[in-house]
Amino acid sequence: MADVALRVAAALPLLLLSALLAGLLLASPASAETFACAGKNLLAELAAEDPAALEEVRRKAGETPNGQGLLWRVTRDGLAPSYLFGTMHMSDPRVTELSDAARQAFDGAERIVIETTDILDQRAMAAAIYGQPELTMFTGSETLADHLSAADREIVEAALSARGVPFGSVKKMKPWMLISLVALPSCEVQRSSAGLPVLDVKLARQAQEDGKELLGLESAVEQLAAMASLPMELHARGLVETLSLGERLEDVMETMVALYVDGETGMFWPLIRAAVPENDASEGDYAAFDQAMVKARNGVMAERSEPILEKGGAFIAVGALHLPGAEGLVELLRAAGYEVEKVD
């Protein structure tokens, strides 16, 4: 389940709530010196220790349609060009600094589109979430402990205790909420508690400052509902495996940042599966996750993007994992009649 756990960690929808909770629960007072990330790039490790495995990773990545590139030009006859841009929901300066091509596309756009604009209004988002508490919390007498074996509960309690979080204080949280907290590298938690915005929020705020039209493709509740729709057993196993990875998780997140900066979106999963030992995992779990958190949301995003694209001059920024693949946004927009070409 390591791969499923990391899929959950990597493909979490854009929810500032996660960063807020991370700051409240896990962060210690931060200073500029503490922002340095401790993880190491697993790509370099694999290249040194198992070049054959790295070659296989590259082969698998090469089979992923549109697995390279973060910025894509979207055109159709009679329309001003729009752009599709893959983001990473982190505040790492390597992530938040746009390339020259992406900056030019952003500056020239009339309207900026992100996954959800709810992230800009904490009160409104909190009200929406509290209106459906079952999406994020166990209601009634049920707790997280009801979904963990005795051995798994021991692992979870010990790992949370090492982070200064008593199990009793989070036992009413759904497992995926805890995954979203513990999966954040310590450097990202510290940046979050210091108020540094993730890339998507930075783009949205810049759009507002520039007087551009700002639009969203989903609501926060829709994103939460997508995650909550997955089987509880999958979430519980994912939480245990995420915590079991220990320091290795920081290495994985550091590697994903490095791959993102290079625009190698097709290498995310092949590299993780090569670098992190896998347990036996159900294909049904993978299928359920891909359908709920990637494919289904891709379809919604593509459908809601079309009226915006018809106006031209848009800069649509969504998580980079939504771009590649046969059912990724690039292919879905092509199927809708648009020409989609890689820019950088």
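To start, this report covers the structure provided alongside it. (Residues numbered from 1 in each chain as written. Predicted model: local features only at pLDDT ≥ 70, side-chain atom pairs only at ≥ 80, totals over all residues. Heavy atoms only, no water.)

**Looking at the packing of helix H3 (residues 42–49) against helix H4 (residues 51–62)**
Where H3 meets H4, the axes come as close as 5 Å, and the angle between the chain directions of the two elements is 125°. With respect to H4, the axis of H3 lies oblique. Where H3 abuts H4, its residues Leu43, Leu46, Ala47 and Glu49 lie against Pro51, Ala53, Leu54, Val57 and Arg58. The class makeup of the residues in the contact of H3 with H4 is seven nonpolar, no polar and two charged. (Axes fitted to C-alpha atoms, helices over the stretch in contact; angles between N-to-C directions. Helix = DSSP H or I, 4+ residues; strand = E, 2+ residues; numbered from the N terminus. Parallel < 35°, antiparallel > 145°, perpendicular 65-115°, else oblique. Contact = heavy atoms within 4.5 Å. Nonpolar A, V, L, I, M, F, W, Y, C, P; charged D, E, K, R; others polar.)

**What to know about the pattern of salt bridges**
As a working rule, side chains carrying opposite charge can pair if their charged atoms are close by. This model, assessed by the stated rule, comprises 19 salt bridges. Asp107 is the salt-bridge partner of Arg103, the closest N and O atoms lying 3.5 Å from each other. Here the residue Arg103 and the residue Asp107 both occupy positions in helix H6 (residues 100–108), the gap between them amounting to four residues, near one helical turn. Judged by its relative accessible area of 42%, Asp107 falls in the partly exposed class. Arg297 serves as the salt-bridge partner of Glu218, at 2.9 Å between the closest nitrogen and oxygen. In this pair, Glu218 sits in the loop between strand S4 (213–216) and helix H13 (220–228) while Arg297 sits in helix H17 (residues 283–309), placing the two residues 79 residues apart along the sequence. The same class applies to Glu218 and to Arg297, which are both buried. (Salt bridge = Lys/Arg side-chain N within 4 Å of Asp/Glu carboxyl O. Buried < 20%, exposed > 50% of the residue type's maximum accessible area, 1.4 Å probe, protein only.)

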